[in-house]
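Working through the structure, step by step
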Amino acid sequence: MTVAVLDAVAANTPGWREAFSGTANAMSQRPGGQAFTYADFFADEPWAAYPAEVGPGAEKLFRALGQEYHPVPTEKNGSTEPVSEVPRQASGPPHPVSGPPQQVSAPPRPVSGVPQPTSGAPFAPWALHAGGLPTVPPAPNPPSAADAPQSPAPVSAAPADPPSYDPFRAPVRRIKPSEPPRRRTGLWAGLAALALVAAVGSGAAIWGIAGTDEPDPYVPPTAAAATASATVAPIDPALKPWAQAPLYSPEEKALAVAAPSLVFVEAVFTGYVRDARTNALVYPEPVSFIRRCSGFLVTPDGHAVTNGSCVKPAEGHARWLAVDALARVLLQKKQLPGGQISAYVEANLGKVRFTGVEPGTEPTTALYGQLNRAKGNAVEEPAIKAEVVRSLPEDSGNTALIKLARGNLPAVELNPSASLAEGATVRILAFATSDAVFRNAAYRPQSRLVTITGTSQRGPISIYLVNEDLGAASHGGIALDSAGEVAGLVYQDQARPDRANRAILPASTISALLSEAGVANTLGDTDKVYRSGLDAYFRGDSSGAVTQLGKAAAETPDNVLAQAYRQNAAERQRLESASREQSDTLVLVLVGCSGVLLIALAILVVLLVRRRGR
């Protein structure tokens, strides 16, 4: 085998050892390349051994390192052996070179466990000369495998003494360093600018959305979820206009204006059923019947309008009601067979009179009114005692004016010129119940949109027929116009077999009743403050609404809706304030982020300018 040995002086010169080992490895790994059998690149004098049968491996290694060689005759048989030589001419920058070759008579010293040949002396061994090398500058990095010569070209024999030519001074580099990667600072600058534009644009869009002055859609709180101050409990009105009509609509506002004036009316009539000819008592105990209906306050001092047949029925109607009540009492005491109530009334109605304690006197009447929520058969607070002031007969309007024994109550305005026409829709407002048991049933205000289906006459009075009703207690309720004023009074359709409350008496008839009684339809100062607060609420002025509605609620405690709408306005004001705070925080965050991005962009620009100036 042939052995290439790098002189110790060269091995200790920076770049030579790496070039020697890198070139040997590159030749070994190249397809069809020259692979060494043994090598020790970490020895004091690195070496690589090549088998003789594969060709001049050492020769190719030195040629790959940029060195030349010429054969030198051997002493035994006159043949020549390859000997390395310092090249006479170089075509690149300084490369590692070996010292002058010298003939060796034995394989290289074993280093790092290199195996020794097993059969005979190695063929034509040769090595680098062990002498010193001239002082040279540091060698460059070793050439890559691709830069190494693929096959050495034969050269002529060189003289024994090395020339004075210094290979480290070669004007052309054989090993070309890789070009540094292109810097992408321009790309980073573009990305930073794009991020800044995106942040500013997004923030401006969010600010544009969040910075509007219009309040966000707001659903007033229920009793369970209402927000109230630490000293004021949440208000739960019996009628919630925001749940009865579209939110913030004219219909909701009309309900809010009129609903506080709605009154539940209960009249209890007590008397005796007597024989019409002899005045003898048909039944020894007094007989009572109850009438329940709706009404509405037309003055702050307690004047209210309701249905006349509810609080002062005609004598014939009162007699029919008394006989029907007596039949039910007899049925309950098992003195009348079941299913005989109608027959008993029909058989006895023309034979009796319904009177007071003494013949010829009127039965007694107990009249009560309740606001907001009502309970049947109630005679104590919150029930308010009342009395009949004036009543019109059925052929003149069948309306009645009553007076509650309390002042400072919420009132509603009449609209005698309100236009009602067939096919039009109108909202009715009255008390209704879902309880099946009549005696202690609970009532609360309800509203419903109805359609006018036609007209009918009651003497000289025209009434309007509608397609729906709110139940038995709804007669005397309000038919509203768009401003929350009274366009008519809910009335019984006496032409129907069930006498359902599916008719509307025009408000002009109510004005006639008040005129005859000498009572003017007026609003109190608190009613005006309440309406002013509602105006502020529905135009989005939460602060003004809180002030006005709070004043109305304080001065008129019976106006529960004033308290409820004040709390709604306060809650909306709180939400608006929270929304503004969030918007301010968003702006601060946006400004901070934009500032950071601008600073980062400025730093990046400064770095680019400095780098280009070098």
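This text follows the structure it describes.
Description of the structure in this document.

1. Side note on the pattern of salt bridges
In total, this model carries 18 salt bridges according to the counting rule given. The partner of D236 in a salt bridge is K240, and the shortest N-O contact between them spans 2.6 Å. Owing to a relative accessible area of 32%, D236 belongs among the partly exposed residues under this scheme. The closest approach of N and O atoms between R390 and E516, which form a salt bridge, is 3.0 Å. Residue R390 is located in strand 14 (residues 384–391), and its partner E516 is located in helix 10 (residues 507–517); the two are separated by 126 residues in the primary sequence. Judged by relative accessible area, E516 falls into the partly exposed class, the value being 45%.

2. Focus: the nonpolar core
Judged by nonpolar contacts, the single largest core of 55 residues is most densely connected at F296, V305, L429, Y530, L534 and Y565. Aside from chain neighbours lying at most four places away, what touches Y530 is A256, V257, P260, L549, A552, N559, L561 and A562. Membership of the second largest hydrophobic core comes to 35 residues, among which are V287, F289, V345 and I384.

3. A few points about the side chain of S21
Looking at the secondary structure, you find S21 in helix 2 (residues 16–29). Looking at S21, its side chain comes within polar contact range of the main-chain oxygen of E18, at 3.3 Å.

4. Some points on the packing of aromatic side chains
A full pass over the atoms with the stated rule returns 13 aromatic pairs. Taking the centre distance of 5.0 Å and the plane angle of 20 degrees together, the rings of F269 and F289 count as stacked. Here the residue F269 occupies a position in strand 8 (residues 262–275), and F289 occupies one in strand 9 (residues 287–297), the gap between them amounting to 20 residues. For the pair F269 and F289, one class covers both residues: buried. When the centroid spacing of 5.7 Å and the interplanar angle of 45 degrees are considered together, the rings of F289 and F354 count as tilted. Here F289 is found in strand 9, whereas its partner F354 is found in strand 11 (residues 352–355), with 65 residues between them in sequence. A single burial state applies to F289 and to F354, both of which are buried. Joined through ring pairs, the aromatic side chains of W242, Y248, Y537, F538 and Y565 make up one cluster. Above the ring of F438, the side-chain terminus of R292 is found at 4.0 Å from the ring centroid.

5. Some remarks on the state of the cysteines
Overall, the coordinates contain 1 disulfide when judged by the stated rule. Covalently, C293 is tied to C310 through a disulfide, its sulfur atoms 2.0 Å apart. Between C293 and C310, the S-S dihedral sits near -85 degrees, and the bridge is therefore left-handed. Linking C293 in strand 9 with C310 in helix 7 (residues 308–311), this pair joins segments that are 17 residues apart in sequence. The burial state of C293 is the same as that of C310; both residues are buried.

6. Topic: helix 2
Counted at 1.5 Å a residue, the expected span for helix 2 with its 14 residues is 20 Å, and the 20 Å between its end C-alpha atoms agrees. Every buried residue of helix 2 is listed here: W16, R17, A19, F20, S21, T23, A24, A26 and M27. Those residues of helix 2 that are buried are in contact with strand 1 (2–5), helix 1 (8–11), strand 3 (47–50) and helix 3 (57–64).

7. Details of unusual backbone geometry
A cis amide bond, omega 10 degrees, links E381 with the succeeding residue P382. Inspection of the secondary structure puts P382 in the loop between strand 13 (374–375) and strand 14. The phi torsion at N377 lies on the positive side, around 65 degrees, for a residue other than glycine. Among the structural elements, N377 can be located in the loop between strand 13 and strand 14.

8. A short note on the pairing of strand 1
Because side chains alternate across strand 1, one face comprises the buried residues T2 and A4, and the other comprises V3 and V5, equally buried. Bridge count for strand 1 against strand 3 is 4 bridges, and the pairing is antiparallel. Along strand 3, the bridge assignment pairs A4 with A48.

What counts, and where the lines are drawn
In this convention, every chain numbers its residues from 1, walking through the sequence in written order. Residues qualify for local features only when their pLDDT is at least 70, as the model is predicted, and side-chain atom pairs are given and counted only at 80 or more; totals for whole chains, interfaces and linings, by contrast, use all residues. The side-chain figures draw on all heavy atoms in the structure; neither hydrogens nor water molecules are used. In what follows, salt bridge is the name for a side-chain nitrogen of Lys or Arg lying within 4 Å of a carboxyl oxygen of Asp or Glu. Each residue is assigned to one of three classes by its accessible area relative to the maximum for its type, calculated with a 1.4 Å probe on protein chains only: buried under 20%, partly exposed between the two thresholds, exposed over 50%. Helical segments are the DSSP runs of H or I of at least four residues, strand segments are the runs of E of at least two, and each set is numbered from the N terminus. Only buried residues count toward a nonpolar core, which is a set of Ala, Val, Leu, Ile, Met, Phe, Trp, Tyr and Cys residues joined through side-chain atoms within 4.5 Å. Contact criterion: two residues are considered in contact whenever any of their non-hydrogen atoms come within 4.5 Å of each other. N or O atoms closer than or at 3.5 Å make up a polar contact, with two conditions inside protein: a donor-capable atom paired with an acceptor-capable one, and, for residues adjacent in sequence, both atoms drawn from side chains. Two aromatic rings from Phe, Tyr or Trp, using only the six-membered ring of Trp, form a pair when their centres are within 6.5 Å; if the ring planes differ by under 30 degrees the pair is stacked, by over 60 it is edge-to-face, and anything between is tilted. Only when the NZ of Lys or the CZ of Arg is both within 6 Å of the ring centre and within 35 degrees of the ring normal is a charge said to sit over the ring. Disulfides are defined in this document as cysteine sulfur pairs within 2.5 Å. The length a helix should cover is 1.5 Å for every residue beyond the first. Two strands make a pair as long as DSSP finds a minimum of two bridges between them.

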